[in-house]
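Here are the chains, one letter per residue:
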Amino acid sequence: MIKRLTLLILCTCLPALAAFGQGDYMRAAQTVDEYIAKKLAESKIIPAPPSSDAEFIRRVYLDIVGVIPSAEEVSAFLRSGAANKRERLILTLLSDKQPYRDMYQEHWATVWEQWLIGRGDRRDSGVNRATIKSWLRDVVFAKNMPYDEMVRQILTAQGTTEESGPVNFFAKWGPNQADIAAAASRVFLGVRTSCARCHDHKFEKWKQEDFWSYAAFFSRTQGRVVRPRDDFNRPFFAVAEQPAQGELVATVDDGPKKGVKVTATTHLNGDVIQLTGTFQAREELARWMTAPGNPWFAQNVVNKMWDYFLGRGFVNPVDDFRDGNPPSHPEALKFLAEDFAANGYNLKYLIAVITNTKTYQRSSGLAKEPYTVRPGETLESIAQKHRISVETLRALNGSAKPMAGSQIFVPVQPEKAESVFARAQLRPLSPEQLFYSILQAVGADDVRQARSRQALEQMKANYLRRFITLFDNDEQTEQTDFEATIPQALMMMNGDLINSRLSASPILAQLLNARMMEAQRVNLIFLQTLSRPPTNEEVTLFGRLLEGRLQQARLKAANVPPPANGGQPNQQQLLQAQLKILTDAQRQAYEDILWSLVNSSEFMFIH
Amino acid sequence: MSDELISRKEGQESNECSGPIDFMKTEMARRGFIRVGFGGLLSLIAMQQTLNRALAQVPARVSGGVRPKSVILLWMGGGPTHIDTWDPKPGHKNGGTTRAINTRVPGVQIGHYLPQVAEQMDKICLIRSMTSNEADHTRATYFLQTGYKPNPTMVHPHIGSIVSKELGEKAPQYPLPHFISINGGTLGAGFLGAGHNAFVVQNPSRPVDNLELPQGLDDQRFRERLTFLNYFEEKVWKVTGDPKVKARYDVYNKALNMMSPQVRQVLDITQEPARLVQAYGDNNFGKGCLLARRLVEAAVKSGTSTFIEVHSGGWDMHNGIFRALETKMPELDAAMATLLRDLAERRLLNDVIVLWMGEFGRTPHINNNEGRDHYARAFSIALAGGGIRGGHVIGATSADGSEVVERKVTVPDLIATLYTILGIDVAKVIYNTLGRPMRLVDPEGAPIQELLA
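Focus: the overall build of chain B
Here is step 1 of the chain: For chain B, the helix and strand inventory stands at 13 helices and 16 strands.
Here is step 2 of the chain: Burial status across chain B gives 51% buried among its 453 residues.

Here is the structure:
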């Protein structure tokens, strides 16, 4: 505690550092980078160059606070000459400064709600998404609760889903002890145990008895859906636990050994279970699960977080830790996990470590590897062979002409590059990130304000229905991560959310009313949407679009018909009508470019 | 490709037009942004041409002598009663108030609620000996719609997604999705990915959401929006070479295809004569069946297959079943009978299999609330079209309707039969993203030979 205070005083130069205790996240980031670099060198892959500042600010905003930055935030960051400005930005986003604090809490509550209980609920399940969301937002992430404490509260939760957020985990996956046990091991240990429910695992070490030894920890817990008499249609879920005496026994409920009783003797990792006297079974389980000696606990969460930030875990899929599925970078995984545990399971600290790595900060450009030119090969034939354009190949090699036997560089296939973290993956924005980012892009001021949350939540719920088709099926772990669909594309092109927001865009109104050059306006629109300034080519192209529209408008304005009553045309009225035609045309041109920007891959992916 | 198209358009129009600058014609086309590798398909011009080809009135292409076949799945959500539909038990106390009526086929009787369907019985094959052991809605729906029981190691694709993958991918230019679900959601494509999810038409009486340009947006503006978008996509593609960019681009093109007047016309049942709409029934199920026929017609004309699922809900009749049937069955009767007749009159019946089923049947025993509960041990399904033998019955249940006593048919048997009719290899093995194998049909399933004509 004293150490922490000293640190607070010493480090006012960097905001929020105190929140991380004494951990040196920069050194940890460097260590991770070294492990990644080692493997890259082994596979002779030269990673993509570092991200530009513009790429970086957009990525880190989306990843940490769930929305793109505003034009002003981008400009300020691009202008800053500070050497450690990326580190400072990360700290700011993790700090208690508003609006980042609210955005951080909201974003991570959304992420963890899905990690814990998926997206859809069975009808009448009693799951209450409001209570778990507010527990995560206003307790866990508002206080930066240590992760082990968060899991302990979930594992031991009692009461009803009306009153308690963490009870929802049990409501979602229970009440059957085998179901809830399998869910807990999958979510908190990254271990899939459900096969061992009915039979010994075919390839891995777990026997059926191991599973039931573990499931026995839920044998003292009862949960059920309660339908209040006065409010029959709003069921909730209630969980209660009876203390255990001396030992825990579970009964196999499926498979050939159905009915056999198993006494809990060893934990999944082989630790001997020692229980005496009266105890709360789930508290004992939580103690074992979160104990420093349990390697899966910390590894699972750092792997999940790494996967979240990089688009790929060290272990894939993230919930499939087992001997037959080893991590791609065992040293990095082990180091991150131990470092996380040593720093008090501090999630903000972990985020600071990951986002400060060079690995996270790479661009989405091409990684390259050496290629020896064979006799008769030309740049064209090599490009064709690798399914890339000659231009791309030239960009990697400068003006060098390929000669037989000489070495040039060819791009590494995206998937291969990503398996060694040699480039930043393109990751589609989550529906929530996209929703908030569209509002941010058009300049709607309700994005960052908590007071308009109610209205915003309603709008978000309506819109999310289009993006997420809810199936009663939560273990969609195998789905490919890129899931663009036709209804989504139709909504993005023609939907009300986009088009009504475009025509009512506060940012456009502001820009068009301000005295500024068209080029400045275009510049701000790009900063506001893609978080980068436009290229010269883009400015020129937009200029021509605008000029074309204005020419059409001028022709139209010149032919405004005289008033219908046949009287003297009122010069002022006429001028106003003409001016409106011109300003409408100008406005429409801006709406159109904004439409193209928010529909582009550059907008819809984190890159 | 569209580079060329745009240039050509420019050439054509440049003679006559010296008015205001058309931004796209001059700038974009001249600079030729669209290059090899990235089709430049976001072009309305290219799109229209593809469409005209795809929906043209050409005879179906014959590949290997087999005309592609489609499926209309009439899905009775909640679990339809078998004793009151296809397997009546008059005289037994389990039969309730349901009477048996004769059909067009001598010797085959069905429940009295279906007089119009009885007239179409020569086209229908009944299976009265379906059996399963899944009696929970969620699990049973999964089983009947995928052919596999729920299993934590794999998310199986809906049978419509398999059809979309196996048959639909042979006709990539077809402007409509190959799997469409009418009247609500359905299971997903599992590990096949969202590209093979059903396109859901929420309400057949209303235009599909977002198929039309937003109000006040004219074609020129939309085209210029797309031109800019095309430019951005091209750029990102060049920098990243990422297949995800291409995949997203393809989805946008499919969405654009669906916005065409031709597709909107196919989806619009108001094109049909009022008398026919009435005959199908002025309700969402009847209209859904009518839309299904239009969609199958479009697929047949284009020489491809499609899988159309039409939902009918409310079959979970735990209470007062006979009263509930009084309103539910006339809808089914009119829609199903009219669909079969309409398909036959248009000579489409050989090109499409109509499959009627729900997730299970209902208890023969009538409970204390005058209802029937979930029952999977014995239930019925109905099939028609697709070249199968009509007018006969496979299997039978005991006098009380509770046991299969002749020719058990399992869910994998049924799916194997369906795929065999469609020409899909039941033994083909596909792999999920983790490399786990899945046989298209569970090896336990075998096609029902006596059903295949």
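Comments concerning the overall build of chain A
Here is step 1 of the chain: A tally of regular secondary structure across chain A gives 27 helices and eleven strands.
Here is step 2 of the chain: Counting across all 607 residues of chain A, residues that qualify as buried make up 43%.
Here is step 3 of the chain: For chain A, restricting intrachain contacts to residue pairs at least 6 apart in sequence, the fraction spanning at least 24 positions comes to 73%.

Structural notes on the sheet that holds strand 1 (residues 159–160) of chain A
Residue and element names in this part refer to chain A.
Here is step 1 of the chain: Pairing in this open sheet of three strands is antiparallel, and the strands run 1-3-2 from one edge to the other. Both edges of this open sheet fall to strand 1 and strand 2 (221–226), since each of them pairs with a single strand only.
Here is step 2 of the chain: Bridge analysis of strand 1 against strand 3 (residues 236–241) gives two bridges, and the strand direction is antiparallel. Looking across to strand 3, one finds that threonine 160 is bridged to alanine 238.

Overview of the environment of alanine 352 of chain A
Residue and element names in this part refer to chain A.
Here is step 1 of the chain: Following the sequence through the fold, alanine 352 ends up in helix 15 (residues 347–355).
Here is step 2 of the chain: On the basis of neighbour counts, which here come to 26 C-beta atoms within 10 Å, the residue alanine 352 falls in the buried class.
Here is step 3 of the chain: Through-space distance from the C-alpha of alanine 352 to that of leucine 91 is 7.4 Å; in sequence the pair is 261 residues apart.

Some thoughts on the sheet that holds strand 7 (residues 307–312) of chain B
Residues and elements named next belong to chain B.
Here is step 1 of the chain: Read across the open sheet, the eight strands follow the order 6-5-7-1-8-11-4-12; overall the sheet is mixed. Lying at the two open borders of the sheet, with one neighbouring strand each, are strand 6 (199–201) and strand 12 (392–394). Going across the sheet, the axis of each strand differs from the next one's by a mean of 20°, ignoring polarity.
Here is step 2 of the chain: Here five bridges tie strand 4 (residues 124–130) to strand 11 (residues 379–385), and the two strands are oriented antiparallel to one another. When the bridges of strand 11 are listed, leucine 126 appears paired with alanine 382.

Section: unusual backbone geometry
All names here are of chain A.
Here is step 1 of the chain: The peptide bond linking glutamine 98 to proline 99 adopts the cis configuration, its omega dihedral lying at 0°.
Here is step 2 of the chain: Mapping proline 99 onto the fold places it in the loop between helix 5 (85–94) and helix 6 (100–117).
Here is step 3 of the chain: Residue proline 175 is bonded to the preceding glycine 174 through a cis peptide linkage, with omega at 0°.
Here is step 4 of the chain: Secondary-structure assignment places proline 175 in the loop between helix 9 (167–173) and helix 10 (177–189).

Let's talk about the pairing of strand 8 (residues 352–357) of chain B
Residues and elements named next belong to chain B.
Here is step 1 of the chain: With six of six residues buried, strand 8 is to be regarded as a mostly interior element.
Here is step 2 of the chain: Sheet topology note: the strand 1 (residues 70–76)/strand 8 ladder contains six bridges and is parallel. Within the sheet, the bridge partner assigned to leucine 74 lies in strand 8 and is tryptophan 356.

As for the confidence of the model for chain B
Residues and elements named next belong to chain B.
Here is step 1 of the chain: On average, residues of chain B score 84 in pLDDT, and 85% of them reach the 70 mark or higher.
Here is step 2 of the chain: Predicted confidence for residues 1–52 stays below pLDDT 50, and this span has 73 contacts to residues more than four positions away or in other chains.
Here is step 3 of the chain: Throughout residues 54–64 the model reports pLDDT below 50, and contacts reaching past four residues in sequence, or to other chains, amount to 16 contacts.
Here is step 4 of the chain: Here the complex is predicted with pTM 0.82, and the ipTM for its interfaces comes to 0.85.

Considerations on helix 8 (residues 147–155) of chain A
Residue and element names in this part refer to chain A.
Here is step 1 of the chain: The buried fraction of helix 8 is high, at seven of nine residues.
Here is step 2 of the chain: Looking at helix 8, one finds that the buried residues are Tyr147, Asp148, Met150, Val151, Arg152, Ile154 and Leu155.
Here is step 3 of the chain: Looking at the packing, one finds that the buried side of helix 8 touches helix 7 (129–140), helix 9, helix 10, helix 12 (281–289), helix 13 (295–310) and helix 15.

Overview of the environment of arginine 224 of chain A
Residue and element names in this part refer to chain A.
Here is step 1 of the chain: Within the secondary structure layout, arginine 224 lies in strand 2.
Here is step 2 of the chain: Spatially, the C-alpha atom of arginine 224 lies 32 Å from that of proline 317, the residues being 93 residues apart in sequence.
Here is step 3 of the chain: Dropping the residues within four chain positions of it, arginine 224 is found in contact with Pro175 and Ala238.

Remarks on the confidence of the model for chain A
All names here are of chain A.
Here is step 1 of the chain: Summarising the model, chain A shows a mean pLDDT of 86, and 89% of its residues fall at 70 or more.
Here is step 2 of the chain: Contacts for the low-pLDDT stretch residues 1–17, under 50 throughout, to residues beyond four places or in other chains number 19 contacts.
Here is step 3 of the chain: In the predicted structure, residues 470–482 sits below a pLDDT of 50 and forms 29 contacts with residues beyond four places in sequence or in another chain.

Observations concerning the pairing of strand 4 of chain B
All names here are of chain B.
Here is step 1 of the chain: Taking burial as the measure, the seven residues of strand 4 include seven buried ones, the bulk of the element.
Here is step 2 of the chain: Relative to strand 12, strand 4 runs parallel, the two sharing three bridges. Across the sheet, the residue bridging to cysteine 125 is histidine 392, located in strand 12.

Parameters and conventions
- Residues numbered from 1 in each chain as written.
- Chains lettered and ligands numbered in written order.
- Predicted model: local features only at pLDDT ≥ 70, side-chain atom pairs only at ≥ 80, totals over all residues.
- Helix = DSSP H or I, 4+ residues; strand = E, 2+ residues; numbered from the N terminus.
- Buried ≥ 20, exposed ≤ 12 C-beta atoms within 10 Å, placed from the backbone.
- Contact = placed C-beta atoms within 7 Å.
- Pairing = 2+ DSSP bridges.
- Axes fitted to C-alpha atoms, helices over the stretch in contact; angles between N-to-C directions.
- pLDDT = per-residue confidence, 0-100.

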